[in-house]
Structure formats: C-alpha cells, structure tokens
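What follows is each chain in one-letter form.
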Amino acid sequence: MFDEGLIRARRRLHEIVSGHGSVAQSRAADRLFAGDYSTSVTVATEFAGSRLGLGVMHDLEGEVVSRHGVTWRIPVDGRPVRVGPNEGMAFAMAAHGGRRHELGLPSGTNFAGVAGAVDRYLADTDHDHAQVVCALEIAGQFDEVVLRTVAPPEYQGEPLAEVIDHERRFTFSTWHGSMVGFRFPDAVDGTRIPGLHLHGISTDESSGGHVRSFIASSVTAFVWVDEVQSPGES
Ligand SMILES: [Zn+2]
C-alpha cells in the first residue's frame, strides 16, 4: 500500500522545484485495452484535490469526467450521474498542481486544431512535446459536438476495441459545457493513451462523455504542463 499523504507531499515538492504539475494514472492503459475492467482506484483517491481528470468506471459503468473535485459518470443512456468518493474506476487520470496558461482557440478550431495549438504552445515555451503531458480545460460554446459512451462488456474480458465497436454516440448541433483531458506524446508505450483525449460535461449536467469531435464556437481554454507519474500497479 502507499501513503497518500506522502504522495501529496512529493507532488508538492516536485511542483515547487519544476513549476510543473503532475498527472497521476491509476493503472497501465494496456490492462484496460485487454478487457480488465476491475476497480483500480476509488474516486476519492484519484480525484481528491485534483484540478481535472477523466477515466472509466469499473465494469464500464460509464465514462468518467472530473472537474475541481466533482466527478460524473456517463452511463450508456448518456445521462450524467454524480459519483461518490468510494466508487471504483477501472482506469483514471488526474492532473494536480502546476501553473495555468491561457491557450487561444479561435472560433472554428476543431479537435485536431486543439492538438496543434497545444503543440505550438509547447514549442513556444521550449517544452519537448515528446517528454511532457499537458492537462487541458476548454469551456464555453461548441458546435457539431459528438460525445460517446460505452455499455458494459457483453462478456467477461471483452477487449475494449470490441466494446468501442458498439459505442453509443450523442450528437449536438450546439453544446455548452466543459471539456477536460490530456495531450500525451504521440509515441508512447501501451501503458499510456497517446494524443489528445478529452471528456466533456455540459453546463446543465444533462450530457457528457468521451469527446469524439467538435468545433469550438466561443471558448476559453487553459493548459498546464505536467509530468507523468508511473501508472499504479493495482
Ligand atoms: Zn475517453
């Protein structure tokens, strides 16, 4: 077992020394891809004191999105439900600390455009985008939003790719809310999820999920440069 107080103290020390925040990942992502949906961490352990995060519930009982310590799951009907501190997640990532920077995202920016804007920000600030992870929060009005969630597996150990083949998609011509997540390096081993990964929750908490696509209409966006902690072994 680990000592959560010690982990927090280490995070804080690291932040003071580097100016960077940190991203805690509950478990290696390849376990999830291989169909292990058992609990790796509780909501409280992963998200307490965090800025933002995402994940998926144990047994795929919904995609997970967390903002400022409030966490929702989006089950297969697409209606977000707030989750309690002791509920378990199969996989989760949370961003802690660091310094916030505004990221300009003009109207018309799409999913790929966000990744490009993050990479330009990193290049301009002398960060090597293969070495760091960025946490992101984008809030405001979006157009042509496609969100998705997944149903529980149809059989024990069904691989995630197969589950995603029958994902549920929800489309919105106009959508107000927040999207949070991470931009990981593109070339990563199977323990990480590469590239841009966002989960959303609408302002009225009536919709949310894993973000497939969008066009930013009128948004504010913030980025934090973080370092990655080793995935947990649970
Ligand atoms: Zn996702």
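Residues numbered from 1 in each chain as written. Predicted model: local features only at pLDDT ≥ 70, side-chain atom pairs only at ≥ 80, totals over all residues.

**Student:** I'd like a description of the domain arrangement of the protein chain, backed by residues and values.
**Tutor:** Taken domain by domain, the protein chain comprises domain 1 (4-96) and domain 2 (100-228). Taken together, the 31 residues of domain 1 in the interface contact 39 residues of domain 2. Counting only elements with at least two residues in the side of domain 1 that touches domain 2, the list comes to strand 1 (21-25), helix 2 (29-33), strand 3 (52-57), strand 4 (63-67), strand 5 (70-74) and strand 7 (88-96). Take the side of domain 1 that touches domain 2: its biggest share by element is four residues, from helix 2. Residue composition of the side of domain 1 that touches domain 2, by class: 18 nonpolar, six polar and seven charged. (Domains from an automatic or database assignment. Contact = placed C-beta atoms within 7 Å. Helix = DSSP H or I, 4+ residues; strand = E, 2+ residues; numbered from the N terminus. Nonpolar A, V, L, I, M, F, W, Y, C, P; charged D, E, K, R; others polar.)

**Student:** Give me the pairing of strand 10 (residues 168-184): which residues, what numbers.
**Tutor:** For strand 9 (residues 133-149) and strand 10, the ladder comprises 15 bridges, and the chain directions are antiparallel. Paired with Cys134 across the bridge in strand 10 is Arg183. Pairing geometry for strand 10 and strand 11 (residues 195-202), over eight bridges, is antiparallel. Of the residues in strand 11, the one forming a bridge with Gly181 is Leu198. (Pairing = 2+ DSSP bridges.)

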